[in-house]
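# Overview (structure and organization)
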Amino acid sequence: MATHHCTLRQLTFLKSKVEQQCCLDSEEALAKGSWVKLICGASNEDLPAISDLCALYATAGVHCIDVAADAAVVYAARKGLDWCEEFQGSRPWLMISLSDGKDEHFRKAWFDHNLCPPDCPKPCQKSCPASAITNRKGINTKRCYGCGRCLPSCPLGLIQAQDKHLELEEIAPLIAELQPDAVEIHTAPGRKKEFQKTIKEIISSNVQLKRVAVSCGLEGHQISPTELAQELWERFSYLRKHELRPLWQLDGRRMSGDLGIGTAKVAVNLWQKILAVAPPGPLQLAGGTNAQTIQLLPNENGPAGIAFGGIARKLIEPWLLKAEANERNLRDWPEGWQPALQEAKQLINPWLLKNSRPKVC
Ligand code: SF4
Ligand code: SF4
């Protein structure tokens, strides 16, 4: 296979181009189709890892970081973003994720480890992409982000999912306390009223939000892309009535682990199906997105951006685990930080370098 070697001049040019794109503010990036968001996980409460993930991907140049709506998580995320700002003078938006009903993103797995037979080969551990199942204490609930892969893995059926989404009355005080730049609402077809009630709570927090992201997909629902678009139009009318600016997060394959070309195709297919009938506002891909997604998209008139979740966390996990084993932060450990940062940049740079305008619906 032929190997392509860049000259020093080409590398310097690419580096300066990436630095220019990193400096684009979030709205510019959405308009240019080069917006990148890191999803830390709506149920991820692994605080040291969250600080490091935020510091790392903010340094790499993402425009937004999406975390759980939890005071301790937001504090940990801000610690990482403050560190980045001190280092490079800018910081991405901080978005918090809510749900207007039951949603797989807002759950935790649980089992009573006292019931496990001592000779069990622990298939549950192998199934967990977040290394959240420990040898002796069952599930580390702070690390579990609710993907559900472990649920069918136990031959005794010991593992259950526990719903963790916020009650309506908890939303306004929490947003007022956390003061995020943006909020994301995970919604589903048929939940128009619940969505509107959630928006009312957000408004009553009196926090000026730069965008309200609306995350929705087709998977698990017996509806057509046109019917999904109709659901989004209803939400658009309500957001516009309250002068809130939407950002449509098209959730291709939820909680997929985002590992292969198959999941990448699901996310791109959803965007293609909805593009012509979607309401106004930027369309951003999520759910199944990975390094291969960009190859499936046209050079011109692509989506406004992308969110990376499972894949972004998985790439960095070996360094996070080593840093944890050495009882230090990744950001204070240059030997781990540098290769981890390279991995993060390799994932997001192709997006930061995109300069085709997204198709305006
Ligand atoms: S497999 Fe998924 S749901 Fe189960 S413990 Fe790991 S992160 Fe949690
Ligand atoms: S597979 Fe089931 S029985 Fe075995 S360790 Fe995991 S939870 Fe326990």
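Residues numbered from 1 in each chain as written. Chains lettered and ligands numbered in written order. Predicted model: local features only at pLDDT ≥ 70, side-chain atom pairs only at ≥ 80, totals over all residues.

### Let's talk about the overall build of the protein
Each helix and strand counted, the protein has 11 helices and 12 strands in total. Relative to the compact-globule value of 21 Å for 361 residues, the protein shows a C-alpha radius of gyration of 20 Å, a close match. Seen along its three principal axes, the alpha-carbon backbone of the protein occupies a region of about 60 × 55 × 45 Å. For the protein, restricting intrachain contacts to residue pairs at least 6 apart in sequence, the fraction spanning at least 24 positions comes to 76%. (Helix = DSSP H or I, 4+ residues; strand = E, 2+ residues; numbered from the N terminus. Rg over C-alpha atoms; globule rule 2.2 N^0.38 Å. Contact = placed C-beta atoms within 7 Å.)

### Examining the sheet that holds strand β9 (residues 211–216)
Spatially, 8 strands are ordered β1-β2-β3-β8-β9-β10-β11-β12 in a closed barrel, and the strand pairing comes out parallel. Mean inter-strand twist for the sheet, computed between neighbouring axes without regard to direction, equals 25 degrees. Strand direction decides the pairing type here: strand β3 (residues 93–99) and strand β8 (residues 182–186), joined by 5 bridges, are parallel. For Met 95, the partnering residue across the bridge sits in β8 and is Ala 182. Each of β9 and β10 (246–251) is contacted by helix α8 (residues 225–241), which is oriented at about 160 degrees to β9, the strand it contacts most. Helix α9 (residues 261–274) rests against β10 and β11 (283–286) of the sheet, and its axis sits at about 155 degrees to β11. (Pairing = 2+ DSSP bridges. Axes fitted to C-alpha atoms, helices over the stretch in contact; angles between N-to-C directions.)

### Points about the pairing of β9
Within β9, 6 of the 6 residues are buried, which leaves the element mostly enclosed by the surrounding structure. Alternating residues of β9 divide into Arg 211, Ala 213 and Ser 215 and Val 212, Val 214 and Cys 216, and every residue in both groups is buried. Bridge count between β8 and β9: 5 bridges; the pairing is parallel. In the sheet register, Glu 184 faces β9, and the bridge partner there is Ala 213. In this region the chain leaves β8, passes through helix α7 (residues 192–204) and returns to the parallel neighbour β9; the handedness of that crossover is right-handed. The sheet contact formed by β9 and β10 spans 5 bridges and is parallel. Each residue of the ladder has a partner; that of Cys 216, found in β10, is Leu 250. Where the polypeptide runs from β9 across α8 and back to β10, its parallel neighbour, the crossover connection is right-handed. (Buried ≥ 20, exposed ≤ 12 C-beta atoms within 10 Å, placed from the backbone. Right-handed = clockwise from strand over helix to strand, strands pointing away.)

### A short note on the nonpolar core
Membership of the largest hydrophobic core comes to 85 residues, with the highest contact counts inside it found for Leu 56, Tyr 57, Ile 65 and Ala 77. No other element matches the 9 residues that helix α3 (residues 47–60) contributes to this core. The contacts of Tyr 57, once residues within four sequence positions are left out, are Leu 38, Val 62, Ile 65, Ala 312 and Ala 344. The next biggest cluster of nonpolar side chains, apart from the first, holds 12 residues, and it includes Ala 130, Ala 132, Ile 133 and Ile 159. (Core = buried A, V, L, I, M, F, W, Y, C linked by C-beta atoms within 7 Å.)

### A short note on the site of ligand 2
The environment of ligand 2 is formed by Phe 111, Cys 116, Cys 120, Lys 122, Pro 123, Cys 124, Ser 153, Cys 154, Leu 156, Leu 158 and Ile 159. A class-by-class count of the residues in the shell around ligand 2 yields 9 nonpolar, 1 polar and 1 charged. (Near = placed C-beta within 6 Å. Nonpolar A, V, L, I, M, F, W, Y, C, P; charged D, E, K, R; others polar.)

### Let's talk about the domain arrangement of the protein
Each assigned domain of the protein is listed with its residue range as follows: domain 1 (29–106 + 170–352) and domain 2 (108–161). On a C-alpha basis, the centroid separation for the pair domain 1 and domain 2 is 26 Å. Taken together, the 13 residues of domain 1 in the interface contact 10 residues of domain 2. Counting residues per element, the side of domain 1 that touches domain 2 draws most heavily on helix α10 (residues 310–325), which supplies 3 residues. Grouping the constituent residues of the side of domain 1 that touches domain 2 by class yields 3 nonpolar, 6 polar and 4 charged. (Domains from an automatic or database assignment.)

### As for the site of ligand 1
As a structural note, the neighbourhood of ligand 1 is formed by 14 residues, with Ala 109, Cys 128, Cys 144, Cys 147 and Cys 150 the closest of them. Of the residues assigned to the shell around ligand 1, the class counts are 10 nonpolar, 3 polar and 1 charged.

### Details of the environment of Gln 284
Position of Gln 284 among the secondary structure elements: in strand β11. Considering only alpha carbons, one finds Gln 284 and Glu 27, 257 residues apart in sequence, at a separation of 13 Å.

### Digging into the environment of Asn 299
In this structure, Asn 299 sits in the loop between β11 and β12 (305–308). By C-beta crowding, Asn 299 is classed as exposed, having 9 other C-beta atoms within 10 Å. Separated by 257 residues in the primary sequence, Asn 299 and Ala 42 place their C-alpha atoms 31 Å from one another.

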